[in-house]
Amino acid sequence: MRIFKDHNKELEMEMDLYLNALQKGSNTLLEGVKAYLRGETEKFNERIKLITEQEKEADEHLVNIKYVLFRYNLVPDLSADILELMDAMDDINDIAKETLLDFQVIKPKIVPSLIDDFGHITKKSNKAVEALIKGVRIYLTEFSTVEDYITKTNLFESDVDTLQHNLKIKIFDEELECTLGEKLVLNKFADKIAGLSDIAEMVASKLSVFRFKRSI
Amino acid sequence: MEILATVIFLSAGLFMGWSLGGNDAANIFGTAVGTRMISFRTAAIITSVFVIIGAVVGGSGTSDTLGELGAINKMAGAFAVSASAAFTVMMMSKRGLPVSTSQAIVGAIIGWNIFAGFQTDTSVAVDIAQTWVFTPILAAIFAIIIYWIVKYFIEHTKIHVVKMDKYTRYGLIIAGAFGAYSLGANNIANVMGVFINVSPFNDIVIANTITFTGVQQLFLLGGIAIAVGVFTYSKKVMTTVGNSVFKLSPITAFVVVLATALVLFVFSSEGLYNFLTSNNLPAFPLVPVSQSQAVIGAIMGIGLAKGGRNIDLSQIGKIGFGWILTPLISMLISIVALNILQNVFLQSVVG
């Protein structure tokens, strides 16, 4: 009896699964980068496979969310906000997958003195995404405390900016034994990883507006 | 020929009903329809059904009060009074002035009293005027209380946004049905109240048990006129209310509709009146009040509950202006109309 299906529940479930897929994608990026930095090729390749699946999974859930929203017109007043939020978050897995694939294709030479820096920046970016996803979950259920998570996301993003700047100084240090081409590649990877936290910050500012719109 | 005359004379009341359905009923589901929480069709059906129930079941209290103010005893006189009030509402609305059918009908009845040479019961008139002043204030108080309860509920329960939307939709439907019932019970007096003493309908007894009184039949007719107004004219008004005039979120719209419905209910419920008076408590007088002014009061109440920002004080001035101007203009038009009907059309307007 399809007509008796609770589409509200279906939508809630799809949003939950979508957020899970995004969180998993960000975690996989962290593990993938760690594996690459440690030279664990097999583990790294597993992460590439995993993130491709997770990105596909997230896309499928996003399509389902849109379908349920449009087909059943469940939340007319909120649907635009929910769609905008979910759409904006889709970039998280796109960037995560793209970054890992670039590592696989370009194989940047990370000199030992920069390994920890790349590790830290990836970890902080992941933290920013984690705080954002928690914030989105809170927005969906208990929106009065969502501001705490928005602040956390912004703090992590700010940390990433600092780490990124310091990393760039190290990359372009004259004493670093790398060619300019290699340095430019490293710089690009620093930007890519930091880009994840930039997306988190951008979505967090949207969330702040949507939270304001929901308060009565 | 007599039937034709009755239909013509009742047409003024039916027009009032149609106008009420087109404009005031839109305040009930305006935001819900404007924000697409509820379809117009659903809103129109709920409004029509509950307005008719309210009018037939609970409409006698406010009508009796109008009867105490002036017992119009000729069909032509009732027509003149009703038509004058309708004309006043139409004229003032066109000029963008705040207007209430309740205030217009009271002015027109007083006009009939003056024309007929009857003394207006000042205690009833004062009671009615006090109620008008109290209406937006009470609506604001109700809105503040409901707002706080809803706010507490939202902030202290972890309800998913999707479920919250579903509950808001149900809340809007229930509050809307209650609002429509209260509107029917309170404002049917404006539509058909002046025709009570000259009602052309006789009581109908169904299966020797249920009596469908002539007054109830009159109110049913008025209720149907309101329903026709809802279906034929309110869609545009609802969309305007939902999208431009008062930009309310669905949840604040729920607060406004519920607060307004409560105000109209307390000023029309005979059950509540009897309960309070039998317990020696001060009771709310049964008086037709302005739904639009209750809405403005409720919106201001929410503004106050939010900390007093964005309160349009000019609205208060406009309401006060309407309390004096509307009955005054309606009274003058009523006297002129009664004169014309009696002296030009040779109709008996006073028994």
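Parameters and conventions
Residues numbered from 1 in each chain as written. Chains lettered and ligands numbered in written order. Predicted model: local features only at pLDDT ≥ 70, side-chain atom pairs only at ≥ 80, totals over all residues. Heavy atoms only, no water. Contact = heavy atoms within 4.5 Å. Buried area = accessible area lost by both parts, 1.4 Å probe. Salt bridge = Lys/Arg side-chain N within 4 Å of Asp/Glu carboxyl O. Polar contact = N/O pair within 3.5 Å; in protein donor to acceptor, adjacent residues only side chain to side chain. Helix = DSSP H or I, 4+ residues; strand = E, 2+ residues; numbered from the N terminus. Nonpolar A, V, L, I, M, F, W, Y, C, P; charged D, E, K, R; others polar. Expected span 1.5 Å × (residues − 1). Bend = angle between axes of the 7 residues up to and from the residue. Buried < 20%, exposed > 50% of the residue type's maximum accessible area, 1.4 Å probe, protein only. Phe/Tyr/Trp six-rings, centres within 6.5 Å; stacked < 30°, edge-to-face > 60°. Patch = residues over 30% accessible without salt bridge, like charges linked within 9 Å, V, L, I, M, F, W, Y side chains within 5 Å. Areas by Shrake-Rupley, 256 points an atom, 1.4 Å probe, with all protein chains shown as cover. Lys, Arg positive; Asp, Glu negative; His and termini not counted. Charge placed at Lys NZ, Arg CZ, Asp CG, Glu CD. pLDDT = per-residue confidence, 0-100. Axes fitted to C-alpha atoms, helices over the stretch in contact; angles between N-to-C directions. Parallel < 35°, antiparallel > 145°, perpendicular 65-115°, else oblique. Left-handed = near helix turned anticlockwise from the far one by under 90°.

Engineer: Talk me through the interface of chain B and chain A; I want residue IDs and the actual numbers.
Structural biologist: Counting residues at the interface gives 22 residues for chain B and 20 residues for chain A. Where chain B abuts chain A, roughly 1900 Å² becomes buried across the two surfaces, and 60% of that area is made up of carbon and sulfur atoms. Sorting the residues of chain B by area buried against chain A places His160, Val161 and Val162 of chain B first, and these three jointly supply 32% of that buried surface. Inspection of the chain B/chain A interface yields one salt bridge. On the surface where chain B and chain A come into contact, there are four residue pairs in polar contact (both at pLDDT 80 or more). Looking at the side of chain B that touches chain A, the elements with two or more residues in it are helix H6 (122–156), helix H7 (161–192) and helix H9 (250–266) of chain B. Counted by class, the side of chain B that touches chain A contains ten nonpolar, three polar and nine charged residues.

Engineer: Can you break down helix H1 (residues 2–34) of chain B residue by residue, with the values?
Structural biologist: All names here are of chain B. Here H1 contains 33 residues, and its C-alpha end-to-end distance of 45 Å stays within 8% of the 48 Å for a straight helix at 1.5 Å per residue. At Asn27, H1 shows its largest kink, close to 60°. Backbone geometry just downstream of H1 places Arg36 in the positive-phi region, at approximately 65°.

Engineer: Mind laying out the side chain of Thr122 of chain A, listing which residues take part and the relevant values?
Structural biologist: Mapped onto the elements, Thr122 of chain A comes out in helix H4 (residues 112–141). Judged by its relative accessible area of 2%, Thr122 of chain A falls in the buried class.

Engineer: Quick rundown of the pattern of salt bridges? Include the residues and the values.
Structural biologist: For the structure on display, the rule yields 19 salt bridges over all chains. Taking the shortest distance from any N to any O, the salt bridge between Glu12 of chain A and Lys163 of chain B comes out at 3.2 Å. Of this pair, Glu12 of chain A sits in helix H1 (residues 7–38) while Lys163 of chain B sits in helix H7, on two different chains. Judged by relative accessible area, Glu12 of chain A falls into the buried class, the value being 15%. On the accessibility criterion, Lys163 of chain B (24% relative accessible area) is partly exposed.

Engineer: Residue-level account of the packing of aromatic side chains, with values.
Structural biologist: Where two aromatic rings form a pair, the distance of their centres and the angle of their planes describe that pair. If you walk through the whole model with that rule in mind, you get nine aromatic pairs over all chains. Ring centres of Phe178 of chain B and Phe265 of chain B lie 5.5 Å apart, and the angle between their planes is 55°; this geometry places the pair in the tilted category. Note that Phe178 of chain B is positioned in helix H7 and Phe265 of chain B in helix H9, a separation of 87 residues in sequence. Members of the aromatic cluster, joined through ring pairs, are Tyr36, Phe44, Phe103 and Phe189 of chain A.

Engineer: So what's going on with a positive patch on the surface? Which residues, and what values?
Structural biologist: Residues and elements named next belong to chain A. A surface patch of positive charge is lined by Lys34, Arg38, Lys43, Lys123, Lys127, Lys134 and Lys152. If you list the elements that add at least two residues to the positive patch, you get H1 and H4. No other element matches the three residues that H4 contributes to the positive patch.

Engineer: For the side chain of Lys183 of chain A, give the residues involved together with the corresponding values.
Structural biologist: Residues and elements named next belong to chain A. As for its placement among the helices and strands, Lys183 is situated in helix H6 (residues 180–214). Summary of buried charges: Lys183 has no salt-bridge partner, and the nearest side chain of opposite charge, Asp173, is 6.5 Å away. Those residues in contact with Lys183, other than ones at most four positions away along the chain, are Ile171, Phe172, Asp173, Glu174, Leu176 and Cys178.

Engineer: Can you break down a negative patch on the surface residue by residue, with the values?
Structural biologist: A cluster of like negative charges, contributed by Asp64, Glu68, Asp121, Asp127 and Glu270 of chain B, occupies part of the molecular surface. In this structure, Asp127 of chain B sits in helix H6.

Engineer: Give a detailed account of the confidence of the model for chain B, specifying residues and quantitative values.
Structural biologist: It should be kept in mind that the predicted coordinates are not to be read in detail where pLDDT is low. All names here are of chain B. Residues at a pLDDT of 70 or more form 95% of chain B, whose mean pLDDT is 88. Taken element by element, the predicted model of chain B shows its lowest mean pLDDT in helix H8 (residues 214–245) (82) and its highest in helix H2 (residues 40–58) (94). For this predicted complex, the interface confidence reaches an ipTM of 0.76, while the overall pTM sits at 0.85.

Engineer: Account for the packing of H4 of chain A against helix H5 (residues 146–171) of chain A, with residues named and values stated.
Structural biologist: Residue and element names in this part refer to chain A. For the pair H4 and H5, the least separation of the axes is 8 Å and the interaxial angle reads 165°. By the angle class used here, H4 and H5 are roughly antiparallel. For the element pair H4 and H5, the recorded crossing hand is left-handed. Taken together, the residues of the contact of H4 with H5 sort by class into 15 nonpolar, five polar and eight charged.

Engineer: Describe unusual backbone geometry, naming the residues involved and giving the relevant values.
Structural biologist: At Lys107 of chain A, a residue that is not glycine, the phi angle is positive and equals roughly 50°. Its location among the elements puts Lys107 of chain A in the loop between helix H3 (79–106) and H4. We classify Lys107 of chain A as exposed; its relative accessible area is 57%. One non-glycine residue with positive phi stands out, namely Leu346 of chain B, at about 55°. Structurally, Leu346 of chain B can be placed in the segment after helix H12 (313–343).

Engineer: Describe in detail the packing of helix H3 (residues 60–69) of chain B against H6 of chain B, supporting the description with residues and values.
Structural biologist: All names here are of chain B. Look at H3 against H6: their axes get within 8 Å of each other, and the N-to-C directions meet at 135°. With respect to H6, the axis of H3 lies oblique. Of the two possible hands of crossing, H3 and H6 adopt the one that is left-handed. Between H3 and H6, the residues in contact are Thr65, Glu68 and Leu69 and Val124, Ala125 and Ile128, respectively. Partitioned by chemical class, the residues of the contact of H3 with H6 number four nonpolar, one polar and one charged.

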